[in-house]
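# Results of the structural survey
This is what each chain is made of:
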Amino acid sequence: MSGIPASDHRHQHGTAVKWVPLLMGAGLVAFTLISVTFANLTGHGVVHTGANAIVDTGHVMVRRDVSGTIHVVDPATDTTIASYPKARDQFLAGALRSLQRMRGPASEESTRTFAVLRIGSGSVFLEDTKTGDRISLNAFNRAESLALAERVAAHNGGQK
(Lines give C-alpha, C1' and ligand atoms only; values in the text may rest on other atoms or scores of the structure.)
Protein backbone atom coordinates (compact mmCIF):
# COMPACT_ATOMS: atom_id res chain seq x y z
CA MET A 1 0.00 0.00 0.00
CA SER A 2 1.93 3.07 1.07
CA GLY A 3 5.15 1.30 1.88
CA ILE A 4 5.12 2.20 5.62
CA PRO A 5 4.58 -0.74 7.97
CA ALA A 6 1.37 -0.55 10.02
CA SER A 7 3.26 -0.41 13.33
CA ASP A 8 5.22 2.71 12.28
CA HIS A 9 2.07 4.40 11.02
CA ARG A 10 0.29 3.94 14.36
CA HIS A 11 3.29 5.20 16.28
CA GLN A 12 3.47 8.46 14.30
CA HIS A 13 -0.29 9.06 14.61
CA GLY A 14 -0.32 8.35 18.39
CA THR A 15 2.44 10.88 19.08
CA ALA A 16 0.60 13.65 17.24
CA VAL A 17 -2.63 13.04 19.19
CA LYS A 18 -0.84 13.37 22.56
CA TRP A 19 0.30 16.91 21.68
CA VAL A 20 -3.22 18.24 21.00
CA PRO A 21 -4.36 18.42 24.69
CA LEU A 22 -1.02 19.93 25.69
CA LEU A 23 -1.27 22.64 23.03
CA MET A 24 -4.90 23.33 23.95
CA GLY A 25 -3.95 23.73 27.63
CA ALA A 26 -1.05 26.05 26.78
CA GLY A 27 -3.36 28.11 24.56
CA LEU A 28 -5.93 28.43 27.37
CA VAL A 29 -3.28 29.59 29.84
CA ALA A 30 -1.88 32.11 27.33
CA PHE A 31 -5.38 33.46 26.57
CA THR A 32 -6.13 33.86 30.29
CA LEU A 33 -2.87 35.69 31.00
CA ILE A 34 -3.37 38.03 28.05
CA SER A 35 -7.00 38.75 29.06
CA VAL A 36 -6.14 39.48 32.69
CA THR A 37 -3.19 41.70 31.71
CA PHE A 38 -5.38 43.65 29.27
CA ALA A 39 -8.10 44.14 31.89
CA ASN A 40 -5.61 45.34 34.50
CA LEU A 41 -3.80 47.72 32.17
CA THR A 42 -6.85 49.29 30.55
CA GLY A 43 -9.50 48.96 33.24
CA HIS A 44 -11.90 47.48 30.70
CA GLY A 45 -13.67 44.41 31.95
CA VAL A 46 -12.98 45.18 35.62
CA VAL A 47 -16.07 45.82 37.73
CA HIS A 48 -15.64 48.55 40.36
CA THR A 49 -18.57 48.51 42.76
CA GLY A 50 -17.20 50.44 45.72
CA ALA A 51 -18.68 47.81 48.02
CA ASN A 52 -15.30 47.26 49.64
CA ALA A 53 -14.45 50.91 50.26
CA ILE A 54 -13.10 51.40 53.78
CA VAL A 55 -14.70 54.14 55.83
CA ASP A 56 -12.86 55.20 58.98
CA THR A 57 -15.70 55.97 61.37
CA GLY A 58 -13.39 57.25 64.09
CA HIS A 59 -10.60 56.59 66.55
CA VAL A 60 -11.28 55.29 70.03
CA MET A 61 -9.50 54.19 73.17
CA VAL A 62 -10.68 51.26 75.26
CA ARG A 63 -10.62 51.31 79.05
CA ARG A 64 -11.75 48.81 81.66
CA ASP A 65 -12.89 49.71 85.13
CA VAL A 66 -12.50 47.57 88.25
CA SER A 67 -15.83 45.80 87.64
CA GLY A 68 -14.65 44.66 84.19
CA THR A 69 -16.90 47.01 82.22
CA ILE A 70 -15.32 48.05 78.93
CA HIS A 71 -15.65 51.73 78.04
CA VAL A 72 -15.10 52.97 74.49
CA VAL A 73 -13.70 56.48 74.85
CA ASP A 74 -13.04 59.31 72.41
CA PRO A 75 -9.28 60.01 72.72
CA ALA A 76 -9.64 63.71 71.89
CA THR A 77 -12.37 64.65 74.37
CA ASP A 78 -12.11 61.74 76.84
CA THR A 79 -15.88 61.22 76.67
CA THR A 80 -17.40 57.77 76.79
CA ILE A 81 -19.01 56.71 73.51
CA ALA A 82 -20.22 53.28 74.63
CA SER A 83 -19.96 51.00 77.65
CA TYR A 84 -20.20 47.22 77.75
CA PRO A 85 -20.67 45.50 81.10
CA LYS A 86 -18.62 42.41 81.85
CA ALA A 87 -20.34 39.35 80.42
CA ARG A 88 -19.31 35.90 79.26
CA ASP A 89 -20.25 36.62 75.64
CA GLN A 90 -19.06 40.24 75.56
CA PHE A 91 -18.03 40.82 71.94
CA LEU A 92 -15.50 43.61 72.46
CA ALA A 93 -13.58 41.68 75.11
CA GLY A 94 -13.09 38.81 72.67
CA ALA A 95 -11.84 41.15 69.96
CA LEU A 96 -9.39 42.81 72.37
CA ARG A 97 -8.06 39.41 73.49
CA SER A 98 -7.49 38.48 69.86
CA LEU A 99 -5.63 41.71 69.17
CA GLN A 100 -3.54 41.17 72.31
CA ARG A 101 -2.54 37.69 71.08
CA MET A 102 -1.58 39.12 67.68
CA ARG A 103 0.47 41.85 69.30
CA GLY A 104 2.62 39.61 71.43
CA PRO A 105 4.12 41.32 74.49
CA ALA A 106 1.64 42.90 76.84
CA SER A 107 1.08 46.62 76.55
CA GLU A 108 -1.17 48.99 78.39
CA GLU A 109 -4.59 48.69 76.77
CA SER A 110 -5.86 52.08 77.96
CA THR A 111 -3.11 53.99 76.12
CA ARG A 112 -3.66 52.29 72.75
CA THR A 113 -5.72 53.99 70.08
CA PHE A 114 -7.91 51.93 67.79
CA ALA A 115 -9.62 52.85 64.55
CA VAL A 116 -13.13 51.59 63.98
CA LEU A 117 -13.34 50.80 60.26
CA ARG A 118 -16.50 50.05 58.35
CA ILE A 119 -16.36 48.37 54.96
CA GLY A 120 -19.00 49.25 52.37
CA SER A 121 -20.32 45.68 52.55
CA GLY A 122 -21.23 46.17 56.23
CA SER A 123 -18.23 44.54 57.90
CA VAL A 124 -16.74 46.34 60.90
CA PHE A 125 -13.09 46.06 61.95
CA LEU A 126 -11.12 47.22 64.95
CA GLU A 127 -7.60 48.26 63.92
CA ASP A 128 -4.70 48.85 66.25
CA THR A 129 -3.31 52.13 64.87
CA LYS A 130 0.18 51.44 66.21
CA THR A 131 0.68 48.00 64.67
CA GLY A 132 -1.89 48.01 61.87
CA ASP A 133 -3.36 44.71 63.12
CA ARG A 134 -7.06 44.34 62.31
CA ILE A 135 -9.73 42.10 63.73
CA SER A 136 -13.26 41.67 62.43
CA LEU A 137 -15.81 42.67 65.06
CA ASN A 138 -18.51 40.94 63.00
CA ALA A 139 -16.92 37.61 63.93
CA PHE A 140 -17.85 38.26 67.56
CA ASN A 141 -21.31 39.87 67.13
CA ARG A 142 -22.50 41.51 63.90
CA ALA A 143 -25.35 43.52 65.43
CA GLU A 144 -23.20 44.89 68.26
CA SER A 145 -20.34 45.75 65.92
CA LEU A 146 -22.63 47.70 63.57
CA ALA A 147 -24.15 49.52 66.56
CA LEU A 148 -20.67 50.44 67.82
CA ALA A 149 -19.64 51.72 64.37
CA GLU A 150 -22.79 53.88 64.21
CA ARG A 151 -22.18 55.32 67.70
CA VAL A 152 -18.55 56.15 66.88
CA ALA A 153 -19.58 57.70 63.55
CA ALA A 154 -22.34 59.76 65.20
CA HIS A 155 -19.88 60.96 67.84
CA ASN A 156 -17.43 62.04 65.12
CA GLY A 157 -19.88 64.18 63.18
CA GLY A 158 -22.04 61.58 61.52
CA GLN A 159 -19.63 60.17 58.93
CA LYS A 160 -20.49 56.55 58.15
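Everything discussed here concerns the structure shown above.
A brief look at the structure comes next. (Residues numbered from 1 in each chain as written. Predicted model: local features only at pLDDT ≥ 70, side-chain atom pairs only at ≥ 80, totals over all residues. Heavy atoms only, no water.)

On to the nonpolar core. Ranked by size, the top nonpolar core spans 23 residues in total, and within it V72, L92, L126, L137 and L148 carry the most contacts. For this core, the secondary structure elements donating two or more residues are β1 (54-64), β2 (70-73), β3 (80-84), α2 (91-103), β4 (113-119), β5 (124-128) and α3 (142-155). Among the elements that make up this core, the one with the highest residue count is α2 (six residues). Once residues lying within four places of it in the same chain are set aside, the contact partners of V72 are V60, M61, T79, T80, I81, A82, Y84, L92 and L148. (Core = buried A, V, L, I, M, F, W, Y, C linked by side-chain atoms within 4.5 Å. Buried < 20%, exposed > 50% of the residue type's maximum accessible area, 1.4 Å probe, protein only. Helix = DSSP H or I, 4+ residues; strand = E, 2+ residues; numbered from the N terminus. Contact = heavy atoms within 4.5 Å.)

Right, let's get into the sheet that holds β4. Strand order in the open sheet made by the six strands is β3-β2-β1-β4-β5-β6, with antiparallel pairing throughout. In the strand order of this sheet, the two ends are held by β3 and β6 (134-136), each with one partner. If you compare each strand with its neighbour and ignore which way they point, the axes differ by 30 degrees on average. For β1 and β4, the ladder comprises seven bridges, and the chain directions are antiparallel. Across the sheet, residue V55 finds its bridge partner in β4, namely R118. Along the sheet face, α3 touches β1, β2, β3, β4 and β5 and points at about 160 degrees away from the line of β3. (Pairing = 2+ DSSP bridges. Axes fitted to C-alpha atoms, helices over the stretch in contact; angles between N-to-C directions.)

Within the structure shown, the criterion is met by two salt bridges. With a closest N to O distance of 2.7 Å, D78 and R63 form a salt bridge. With D78 in the loop between β2 and β3 and R63 in strand β1, the pair connects residues that are 15 residues apart, well separated along the chain. Judged by relative accessible area, D78 falls into the partly exposed class, the value being 47%. The partner of R134 in a salt bridge is E127, with the nearest N and O atoms 2.9 Å apart. Overall, the relative accessible area of 40% leaves R134 in the partly exposed class. (Salt bridge = Lys/Arg side-chain N within 4 Å of Asp/Glu carboxyl O.)

Right, let's get into the side chain of D74. Take D74: it is sitting in the loop between β2 and β3. Polar contacts involving the side chain of D74 include one to the main-chain amide nitrogen of A76, which spans 3.1 Å. Residues contacting D74, with those up to four places away along its chain left out, are H59, T79, I81 and H155. (Polar contact = N/O pair within 3.5 Å; in protein donor to acceptor, adjacent residues only side chain to side chain.)

Let's shift gears to a nonpolar patch on the surface. Together, W19, L22 and L23 make up an exposed nonpolar region whose accessible area comes to about 360 Å². Structurally, L23 can be placed in helix α1 (residues 6-42). (Patch = residues over 30% accessible without salt bridge, like charges linked within 9 Å, V, L, I, M, F, W, Y side chains within 5 Å. Areas by Shrake-Rupley, 256 points an atom, 1.4 Å probe, with all protein chains shown as cover.)

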